[in-house]
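So the chains spell out like this:
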Amino acid sequence: MQARVLVVASGKGGTGKSTVAVFAAQALAQKGKKVLVIELAEQLRNVDCIAGVSEQTVFDVSDWLSGRCASDKAMVQSPWCENLFIMSAPYAYAALELEALPQKIQQLLEQFDFIVIDTPTGICPCFQKACEVGELVLLVLTPDQMTLRAGRAMTEWIYEKNCNTKVRLVLNRVRQTGAKLDLDGCIDTVAAQLIAVIGESRQIFSSLVQQQPLPVKSEVWKAFENLASRICGQEVPLLFC
Ligand SMILES: Nc1ncnc2c1ncn2[C@@H]1O[C@H](COP(=O)(O)OP(=O)(O)O)[C@@H](O)[C@H]1O
Ligand SMILES: [Mg+2]
């Protein structure tokens, strides 16, 4: 096994990075892949809540990076799926020893099929470090001009600094308003290929409130299953759910 490392990012906050990181990981895990989600942030963790492991988290990513605990202590197995694991950000502020990240990730590659790194907003030190080890950046953006432009700043940074890292656009919280979404305009603004379109979804809201996985029969699940298939290199049509 040699994990592929995905970096989830955006130029603006609240676009759904953590939500997409967790549910994309659920979809990959339900395809039989062994997946680790790492929330790479110095505080304000929320991946643990989304993934339903908030009560089980003792050690976190700062403990792992600084060598205070082994990787298996810092990760928690998801109650949703036996091959899905979560490593949380610290609960209170803790400076991360980011220099250690590439080597620490290297040590985990043989244990997983995918390592999904959820990063804080913008071209921050966590994002920059994650790009050193990431094969693919998933830019999670909402389809409004300000967010897309902030996304463009991210792609420009990636194209300048990281020739080996691919970038794909995940359009999230897309509303069906009757007005046709200008997908080509979004792609042109961000300058990245589209990999998924995820609708504004009440099911996401209720799964988050209950800390439950997305039901596989829900409409929005299809969008995540589709995203997972495309990440795995399968040619499936883009769905809009
Ligand atoms: N597709 C969606 N449909 C409905 N709500 C969503 C969707 N994606 C994200 N959200 C909501 O948006 C809010 C911000 O999401 P979050 O994943 O925490 O964003 P970020 O990590 O980018 O700051 C959360 O309340 C989440 O429930
Ligand atoms: Mg987040």
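Structure first, text after, so check above.
Residues numbered from 1 in each chain as written. Chains lettered and ligands numbered in written order. Predicted model: local features only at pLDDT ≥ 70, side-chain atom pairs only at ≥ 80, totals over all residues. Heavy atoms only, no water.

Enquirer: How do you make sense of the overall build of the protein chain when you look at a structure like this?
Expert: A count of helical and extended segments in the protein chain gives 10 helices and eight strands. Its C-alpha atoms give the protein chain a radius of gyration of 17 Å, within 12% of the compact-globule value 18 Å for 241 residues. Taken across its 241 residues, the protein chain has 56% of its residues classed as buried. Working note: accessible area of the protein chain is about 11,000 Å², and carbon and sulfur atoms make up 48% of it. Across the protein chain, the 23 positively charged side chains and the 25 negatively charged ones have centroids separated by 4 Å. (Helix = DSSP H or I, 4+ residues; strand = E, 2+ residues; numbered from the N terminus. Rg over C-alpha atoms; globule rule 2.2 N^0.38 Å. Buried < 20%, exposed > 50% of the residue type's maximum accessible area, 1.4 Å probe, protein only. Areas by Shrake-Rupley, 256 points an atom, 1.4 Å probe, with all protein chains shown as cover. Lys, Arg positive; Asp, Glu negative; His and termini not counted. Charge placed at Lys NZ, Arg CZ, Asp CG, Glu CD.)

Enquirer: Explain the nonpolar core here, please?
Expert: Within soluble globular proteins, side chains that are nonpolar generally end up buried alongside one another. Grouped together as the largest cluster of nonpolar side chains are 47 residues, with contacts concentrated most on Leu36, Leu40, Trp64, Ile105, Ile115, Phe127 and Val137. Looking at which element gives the most residues to this core, the answer is helix α6 (residues 125–133), with five residues. Here Val137 is in contact with Val7, Ala9, Phe127, Cys131, Ile158, Thr165, Lys166, Val167 and Arg168, once residues within four sequence places are set aside. In terms of nonpolar packing, the next biggest core, distinct from the first, is built from 40 residues, Trp80, Leu136, Val170 and Ile198 among them. (Core = buried A, V, L, I, M, F, W, Y, C linked by side-chain atoms within 4.5 Å. Contact = heavy atoms within 4.5 Å.)

Enquirer: Explanation requested: the sheet that holds strand β3 (residues 75–77) in the structure shown.
Expert: Pairing between the strands of a sheet comes from backbone hydrogen bonds, and it takes one of two forms, parallel or antiparallel. The eight strands are arranged β3-β4-β2-β5-β1-β6-β7-β8 in an open sheet whose pairing can be described as mixed. Here the strands that pair on one side only, and so sit at the sheet edges, are β3 and β8 (193–199). Within the sheet, the average angular offset between the axes of one strand and its neighbour, ignoring direction, is 20 degrees. Where helix α1 (residues 17–30) meets the sheet, its contacts fall on β1 (4–9), β2 (35–39), β4 (84–87), β5 (114–118), β6 (136–141), β7 (166–174) and β8, and the angle it forms with β2 comes to roughly 170 degrees. The strands touched by helix α10 (residues 219–231) within the sheet are β1, β5, β6, β7 and β8, with β8 carrying the most contacts at an inclination of about 160 degrees. (Pairing = 2+ DSSP bridges. Axes fitted to C-alpha atoms, helices over the stretch in contact; angles between N-to-C directions.)

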